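# Structural features, examined
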Amino acid sequence: MTTDTAARTDDVTRVRRPHAWIWAALAGIASAAVLLAVAELFAALVARSASPVLAVGSFIVDIVPRPLKELAITLFGETDKIALLAGVGVGAAVAAAVAGIVQYRFRPVGAVLIGIGGALATAAIITRTGAGALAWLPPVLGTVAGIFVLVFSVTRLKRWVTAARESDARTAGTNRRQFLLFTGISTVGAVIVGVGSRILNATTSSVAAARDALRLPAARSTVAVPDGASWQIDGLTPIITPNDDFYRVDTALTVPNVDPTTWSLSIDGMVDTPIELSFDQLVGMGLDEYGVTLTCVSNEVGGGLVGNAIWTGVPIRDVLRMAGVQADADMVLSESVDGYTASTPLSSLTDDNLDAIFAVAMNGDPLPFEHGFPVRMVVPGLYGYVSATKWVTRLTVTRFDRDEAYWTPRGYSAEAPIKMSSRVDTPKIGAPVTAGAIVIAGMAWAQPVGVAKVEVSIDDGDWQETQLSTPINDQSWVQWKLDWNADPGSHYIAVRATDKQGNLQIQDQAPIAPDGSSGWQRTLVTVSS
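Residues numbered from 1 in each chain as written. Predicted model: local features only at pLDDT ≥ 70, side-chain atom pairs only at ≥ 80, totals over all residues. Heavy atoms only, no water.

## Brief notes about the overall build of the protein chain
How we decide: For helices the rule is a DSSP run of H or I covering at least 4 residues; for strands it is a run of E covering at least 2, with both sets numbered from the N terminus onward. We call a residue buried when its accessible area falls under 20% of the maximum for its residue type, exposed when it is over 50%, and partly exposed in between, using a 1.4 Å probe and counting protein chains only. The criterion used for residue contact is that any of the two residues' heavy atoms lie within 4.5 Å. A 1.4 Å probe and the Shrake-Rupley method give the accessible areas. Residues count as covered only by the protein chains that appear here.
Looking only at helices and strands, the protein chain has 12 helices and 19 strands in total. Residues classed as buried in the protein chain amount to 50% of the 529 residues present. Contacts in the protein chain between residues far apart in sequence, at least 24 positions, make up 76% of those at least 6 positions apart. When the accessible surface of the protein chain is totalled, it reaches about 23900 Å², and 57% of it is carbon and sulfur.

## Some words on the sheet that holds strand 1 (residues 264-269)
The cut-off we apply is this: Two strands make a pair as long as DSSP finds a minimum of two bridges between them. Working convention: axes come from line fits to C-alpha atoms, limited for helices to the stretch in contact. Angles between N-to-C directions cover 0 to 180 degrees.
Taken together, five strands build an open sheet; the order of strands is 2-1-10-5-6 and the sheet is mixed. Of all strands in the sheet, those with a lone pairing partner are strand 2 (275-278) and strand 6 (341-345), marking the two edges. Adjacent strand axes in the sheet meet at a mean angle of 20°, parallel and antiparallel pairs treated alike. With six bridges joining them, strand 5 (residues 331-336) and strand 10 (residues 392-398) adopt antiparallel strand pairing. Bridging from a neighbouring strand, Ser336 pairs with Val392 of strand 10.

## Notes on the nonpolar core
Spelled out, the test is: The set of buried Ala, Val, Leu, Ile, Met, Phe, Trp, Tyr and Cys residues whose side-chain atoms join them within 4.5 Å is what this entry labels a nonpolar core.
Counting residues in each nonpolar core, the largest one holds 72 residues, and the members touching the most others are Ile267, Leu282, Trp311, Val319, Phe358, Tyr385 and Leu395. Of the residues forming this core, the biggest block, five residues, is contributed by strand 7 (residues 357-362). Every residue in contact with Leu282, bar those within four places of it in the chain, is listed here: Trp263, Leu277, Val314, Val319, Phe358, Val360 and Val375. Counting 21 residues, the second largest nonpolar core, distinct from the first, contains Ala444, Val456, Ile458 and Val495.

## Brief notes about unusual backbone geometry
A cis amide bond, omega 0°, links Arg107 with the succeeding residue Pro108. Among the structural elements, Pro108 can be located in the loop between helix 5 (80-105) and helix 6 (109-126). The linkage connecting Gln447 with the following residue, Pro448, adopts the cis geometry, with an omega of -5°. Summarising the element assignment, Pro448 is placed in the loop between strand 13 (436-445) and strand 14 (451-458). Backbone geometry at Asn363 places phi at a positive 55°, although glycine is not the residue there. Relative to the helices and strands, Asn363 is located in the loop between strand 7 and strand 8 (365-366). When its relative accessible area of 24% is taken as the criterion, Asn363 is described as partly exposed. Here the phi dihedral of Asp460 falls at roughly 60°; this positive angle occurs in a residue that is not glycine. Within the secondary structure layout, Asp460 lies in the loop between strand 14 and strand 15 (463-465). Relative accessible area serves as the criterion here: at 60%, Asp460 is assigned to the exposed category.

## Observations concerning the packing of helix 2 (residues 20-46) against helix 7 (residues 137-165)
Inclusion rule: Here the word oblique covers every angle except those under 35 degrees (roughly parallel), over 145 (roughly antiparallel) and from 65 to 115 (roughly perpendicular). Less than a right angle of anticlockwise turn of the near helix away from the far helix marks a crossing as left-handed, whereas a clockwise turn marks it as right-handed. In this classification, Asp, Glu, Lys and Arg are treated as charged, Ala, Val, Leu, Ile, Met, Phe, Trp, Tyr, Cys and Pro as nonpolar, and every other residue, Gly included, as polar.
Between helix 2 and helix 7, whose axes approach to 7 Å, the crossing angle comes to 155°. Judged by the angle between their axes, helix 2 and helix 7 are roughly antiparallel. The interaxial crossing formed by helix 2 with helix 7 has right-handed handedness. Among the residues forming the contact of helix 2 with helix 7, the class breakdown is 23 nonpolar, six polar and no charged.

## What to know about the pattern of salt bridges
Test applied: Any carboxyl oxygen of Asp or Glu within 4 Å of a side-chain nitrogen of Lys or Arg constitutes a salt bridge here.
The full count for this structure, using the stated rule, is 15 salt bridges. What emerges from the salt-bridge pattern is a single network uniting Arg248, Asp250 and Lys390.

## Side note on the sheet that holds strand 12 (residues 433-434)
Spatial ordering of the open sheet is given by 12-19-18-14-15, a layout of five strands whose pairing is mixed. Two strands lie at the open edges of the sheet, namely strand 12 and strand 15, each paired on one side alone. In the sheet, strand 18 (residues 489-499) pairs with strand 19 (residues 521-528) via seven bridges, with the strands oriented antiparallel. Paired with His491 across the strands is Val525, a residue of strand 19.

## What to know about the packing of helix 6 against helix 7
To characterise two packed helices, one gives the angle between the axes of the helices and the distance between these axes. The geometry of helix 6 relative to helix 7 is characterised by a closest axis approach of 9 Å and an angle of 165° between their N-to-C directions. The orientation of helix 6 with respect to helix 7, classified from their angle, is roughly antiparallel. You can see that helix 6 and helix 7 cross each other, and the crossing is right-handed. Counting all contacts with helix 6, which are made through Gly110, Ala111, Ile114, Gly115, Gly118, Thr122 and Ile125, the residues of helix 7 involved are Pro139, Val140, Thr143, Gly146, Ile147, Leu150 and Val151. Each residue belonging to the contact of helix 6 with helix 7 can be placed in one class, and the counts come to eight nonpolar, six polar and no charged.

## Structural notes on a nonpolar patch on the surface
The condition is simple: Exposure above 30% relative accessible area and the absence of a salt bridge qualify a residue for a patch, where like charges join within 9 Å and nonpolar side chains (Val, Leu, Ile, Met, Phe, Trp, Tyr) within 5 Å.
A cluster of nonpolar side chains, Leu41, Leu45, Val46, Ile126, Leu134, Trp136, Val140, Val144 and Val193, forms an exposed patch at the surface whose accessible area comes to about 730 Å². At the level of elements, helix 2 and helix 7 are the ones that each hand at least two residues to the nonpolar patch. In terms of residue count, helix 2 provides more of the nonpolar patch than any other element does, three residues in total. With respect to the element layout, Val193 can be found in helix 8 (residues 169-203).

## Digging into the packing of aromatic side chains
Here the distance between the centres and the angle between the planes together describe a pair of aromatic rings. What counts is decided by this rule: The rule is short: rings of Phe, Tyr and Trp, with Trp giving its six-membered ring, pair when the centres are within 6.5 Å, and they are stacked under 30 degrees, edge-to-face over 60, tilted in between.
All told, the structure shown has 16 aromatic pairs when counted by the stated rule. Aromatic side chains Trp23 and Phe179 sit 5.9 Å apart centroid to centroid with 85° between the ring planes, which places their arrangement in the edge-to-face category. Here Trp23 is found in helix 2, whereas its partner Phe179 is found in helix 8, with 156 residues between them in sequence. For Phe179, a relative accessible area of 0% corresponds to the buried category. An angle of 50° between the planes, with centres 4.4 Å apart, marks the rings of Phe152 and Phe182 as tilted.

## Quick word on the pairing of strand 10
In terms of residue burial, strand 10 counts as a mostly covered element, since five of its seven residues are buried. Where strand 1 lies against strand 10, four bridges are found, and the strand directions are parallel. From the neighbouring strand, Ser266 faces strand 10, where its bridge partner is Arg394.

## Considering helix 7
Applied cut-off: The span you would expect from a helix comes to 1.5 Å times its residue count less one.
Spanning 29 residues, helix 7 covers 42 Å between terminal C-alpha atoms, matching the ideal 42 Å at 1.5 Å per step. Just downstream of helix 7, Ser167 is the residue with a positive phi angle, here 60°.

## A look at the side chain of Asn308
The line we're drawing: In protein, a polar contact means a hydrogen-donor-capable atom and an acceptor-capable atom, both N or O and within 3.5 Å, with residues adjacent in sequence counting only if both atoms are side-chain atoms; elsewhere, any N or O pair within 3.5 Å suffices.
By the secondary structure assignment, Asn308 is in strand 4 (residues 306-315). We classify Asn308 as buried; its relative accessible area is 0%. At 2.7 Å, the side chain of Asn308 and the side chain of Thr293 are in polar contact. Within the structure, the side chain of Asn308 is placed 3.3 Å from the side chain of Ser476, a separation counted as a polar contact. Excluding residues within four positions of it along the chain, Asn308 makes contact with Ile239, Ile240, Thr241, Phe246, Gly291, Val292, Thr293, Ile472, Ser476 and Trp477.

What follows is the structure in structure tokens.
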């Protein structure tokens, strides 16, 4: 009798009630991981663009208010997309955890929530530009798999909890092991399958091989960087920005992989003859090199969202001339393969004195994928959001009073000439320098007119004219420098530029919206003894 009582007491002691809500939340997260993994797997097999995370992320990019977009670029810079995807992942995990808890408490409401999430992801996928006929399949299959995992795991969890309450150690242990094993295998398998599928999606593309094998015709004219164009000063930006260092700001969460053998460019709208060109037809028109500085409208005063490259391409005006632009048109709406649009003044594309081009190469190599391979637009003197369309596939000749582009309804100007600007590259804020002879240096640009002079004021003193590097052309930036005998202490350095038409850089401070920041940069420099 004593022995039986002790055994029963021992059984009761060993049966611990699980923290049901915590395990239910983990079951929900596991089900979401399976949903995404299965969707990624079938996306890699039948529809490369049908990734729920990317589709939802792209949807968020499209609807995010302008202030949040500006804040994201300010906080994260070129890693804003990584931050967005991380945010989407965290949001999905939280929502899945809630679904798991709800499923445990109110079956089958949690499964319904997973189904709604899958339906929203499916809608985001099939409404994206370029969605294929089977784009719905990966998220639907993923949703079915996720619901199954949630229902099965929560059922095992409830049996585990029930057995624990009844002090049935054997049954509780069995269901505990089944729950943990099933949930653990589902989660680990989801991570392996999901990551592997994303890698497979990226590496099985033949576009990378097509780019590597691409041999462009030699340029008929080249850009020679003159002697004295680039000074080797520590901390000073080079006159030609390497491809890997060139800023990237666009709305694409994943870089489109466009095969040049299937790419085409259509010109339609207010034209006499709509035309369509293949990649070979475009480059067959003859390639030339152009030195052009590009600037993002999100570039703050003194910021780094600006770069200069030697672009190889075909003048856009030559292609528009083939189509025959109608007299009352004043705007060209360019469209990317992912549906992004930009509104460019027609005059900027047809002016014989502006090198607006369809670029196919950057600094001597075919365009990097991140910068628009196989073809992008490069237009001097305009911020990128109204001109520098990457992965361009269509130009519609129209009017500003008839059409608007992606960023116009989001609070940005339809037309946005680049504002003349100058910045201090060295000495840098927060990096003390030693007293004595030092060099103040930086960059300046005034497209498409060109920089005439750059001046520096130290501690609100007189403006001193700096030495300019030899310009490549008026459409590229220049370096500037000033020798300074620095005394110990804190000093303010201000910089301003003047263009070749005599216009002085705007002094008044303005934010990046609606048409670009302005103001004279004023930096604090600490000089140690």
